[in-house]
Amino acid sequence: FQQKVGLDETRTNVVMRMIFGEDDVELSPSSFEREEKKLIRIVKSKKMEMEYLINLLVFIFTVKNVWCVGEETSSVYTSIAHMEPLLDIEGRLVKIAREYLQKERRRLGEFKQFAKSVEDAMELSKDEPLKYLGNPINSYLIIKRFTSGWRELTSRLEIDDSKVDEMKSIIESNKYQLPTYEIDLLGATGSIIRLQDTYELTAREISDGKIKGISRSAHQMTAEDCIHIAEYAQHHRRYIRMEEWAKEAERIFDDPSLSHRIGNVSRLAVYEILGWTAYLSNDLPTALKYTKLVLEIDPKNADALKNEEFYDFYVRENIEKWLTEEQWDYAEALKHLKHFRVGTLVQACTKNNKPVKIKDASKLVCFLTKDSPLLLLKPIRTTRVHDNPEVLIFHNILSDKEMTTLKKLATPYLRQAKVVEGDITEANYRIAKTMFLQENFPGVKKINTKLNRRFEAMTGLNTDTAEQLQINNYGLGGQYEFHHDHGEEGSLLANHPDGNRLATLLVYLTDVERGGETVFTRLGISVSPNKGDAVFWYNLFRNGQGIDDTLHASCPVISGSKWVANKWFHNFGNEFRRKCLLREDI
């Protein structure tokens, strides 16, 4: 018994002396009561199995209630009076057992709910997994399952079972492929908020899986998911979004029909956040309301008690309060969001902009490109969407087989995308993975040679000095903020051995359900991803100077898996194909 429970030797001796009635031990109910409480405390601290707890309590209660009546009593069954305490003992044991079973039922219920959500996801994704993952709610929830659900499940299952060991083994052996909390879940949460900012999506339409313009999500978010996003927003001082997501969690709690969407979170957490956001917005009556709700759940909450007194004073006296630093931050966050909403990126991504700087609107036409002998029998349909500088769209330049091959070749080599800013580095404004299709990679040379011939025929430029084809795949909320493809004087790109980047050919390898447009804000044009099409433009004037108006961005992807390929042509090798002129405007 001592070994199982983990009692120290001194405590064991005391208990044993009490049980067997040695002369130097006082055999009284109070002594057993004290030792009973100490033993229960020890057992709980050791997280003892239930069967040991019950056995121990039976043993102690029996000794206390029966053996202490006198040393002459050696049996129980011979006296009804001595059997009577057994009813009380059994009642107390049943109460403890019931509490234990309720706790286990709750835990088992959580496990069942988690397992069902995974089974539903598997069923819905089996036919078109990429389309399923292209939905932002589905992507967010699978990342959350792997960063919290599965890891918590295996850590909380303490039973000795080979299936649990197998689960832990699968997670451990694949840990380098699995998402992490710090990078992936926080990044995915930031992407959800970025989609809200850019496209004015509400927390409710995301939570309910009913985002306008895309297929309805098969899943819905829980109040727990909403609070996680609210806490992320609070940490990053995105107070407007924090308030919105906390209110969405409150809506789920308040609607009896949504009880299945609560998750592992309490009303207390919701009310605490809403009380804080009300304070930040200087709405003290509302802050007082939620603080009182917190105290209804947790009457001894020290912070809430202090805040209640503070809020009540200002509300009762109707005194105007000076804004604190946090409240100024809230006001600044609100102002920043309003400015962002009318900014150039949002206006372009929501297609509220119009083409500007057009020299001759009559040149914005569709025509056939057939300048090369390679294109005589199969010319390429081309659309000029801007003429100053010229921006062209080549339609249907790749076959489905070629695009599938490129994605298949690229997938094993995709790495976090980087940008050139003095040095080559990662940046939080480029959310994608990328790779360069090197010819020494298996299976690359054949398709590279074929595509290079076609690219030369379309553009009239030399591919011998062009960069290898770059393949990009955009994830949840994937984007690339404003940038030029050419390098400024003195930069790594400008000092490239083959000269600066003369021109860009951007090829779309997939359709995107919504979002992901390529936008040129200084030109007022937006090009939607269309599978097999390619956008072409020059980055440099003929005198070698950069064209500032080619500043462009990739809008966040709301739904879909966006794949693109970039081909960058350089100055050297194109001296006679695009001859140099001294004028700065052509």
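Residues numbered from 1 in each chain as written. Predicted model: local features only at pLDDT ≥ 70, side-chain atom pairs only at ≥ 80, totals over all residues. Heavy atoms only, no water.

Asks: Can you walk me through the pattern of salt bridges in this structure?
Replies: Opposite charge on two side chains permits them to pair, given that their charged atoms come into close proximity. Tallied over the entire structure, the rule returns 25 salt bridges. Between R241 and E244 there is a salt bridge, with its nearest N and O atoms 2.9 Å apart. Residue R241 and its partner E244 are located together in helix α12 (residues 239-254), separated by 3 residues, close to a single helical turn. A salt bridge links D312 to R316; the nearest nitrogen and oxygen atoms lie 2.3 Å apart. With D312 and R316 both in helix α15 (residues 302-317), this residue pair falls 4 residues apart, about one helical turn. Among the residues examined, R316 registers a relative accessible area of 52% and is labelled exposed. (Salt bridge = Lys/Arg side-chain N within 4 Å of Asp/Glu carboxyl O. Helix = DSSP H or I, 4+ residues; strand = E, 2+ residues; numbered from the N terminus. Buried < 20%, exposed > 50% of the residue type's maximum accessible area, 1.4 Å probe, protein only.)

Asks: Is there a simple way to think about the state of the cysteines in this case?
Replies: Two cysteines whose sulfur atoms are joined by a covalent bond form what is called a disulfide. For the structure shown, the criterion picks out 1 disulfide. Note that C349 is cross-linked by a disulfide to C555, the S-S spacing being 1.9 Å. Taking the torsion about the S-S bond as the criterion, the C349 to C555 disulfide, at about -95 degrees, is left-handed. Residue C349 is located in helix α17 (residues 344-349), and its partner C555 is located in the loop between β15 (552-554) and β16 (557-559); the two are separated by 206 residues in the primary sequence. (Disulfide = S-S within 2.5 Å.)

Asks: What am I meant to see in the sheet that holds strand β13 (residues 525-527) here?
Replies: Two orientations exist for strands paired in a sheet by backbone hydrogen bonds: parallel and antiparallel. The 4 strands are arranged β9-β15-β12-β13 in an open sheet whose pairing can be described as antiparallel. The sheet is open, and its two edges are formed by β9 (480-483) and β13, each paired on a single side. Strand after strand, the sheet turns through a mean of 15 degrees between neighbouring axes, direction not considered. Where β9 meets β15, 2 bridges bridge the pair, whose relative direction is antiparallel. By the bridge assignment for β15, Y480 is matched with S554. (Pairing = 2+ DSSP bridges. Axes fitted to C-alpha atoms, helices over the stretch in contact; angles between N-to-C directions.)

Asks: Would you take a moment to explain helix α14 (residues 284-297) for this structure?
Replies: A turn of α-helix holds 3.6 residues, and therefore any two residues three or four places apart point the same way. The end-to-end C-alpha distance of α14, which contains 14 residues, comes to 20 Å, matching closely the 20 Å that a straight helix rising 1.5 Å per residue would cover. Where α14 is concerned, the buried positions are L284, A287, L288, Y290, T291, V294 and L295. Contact partners of the buried residues in α14: α12, α13 (267-280) and α15. (Expected span 1.5 Å × (residues − 1). Contact = heavy atoms within 4.5 Å.)

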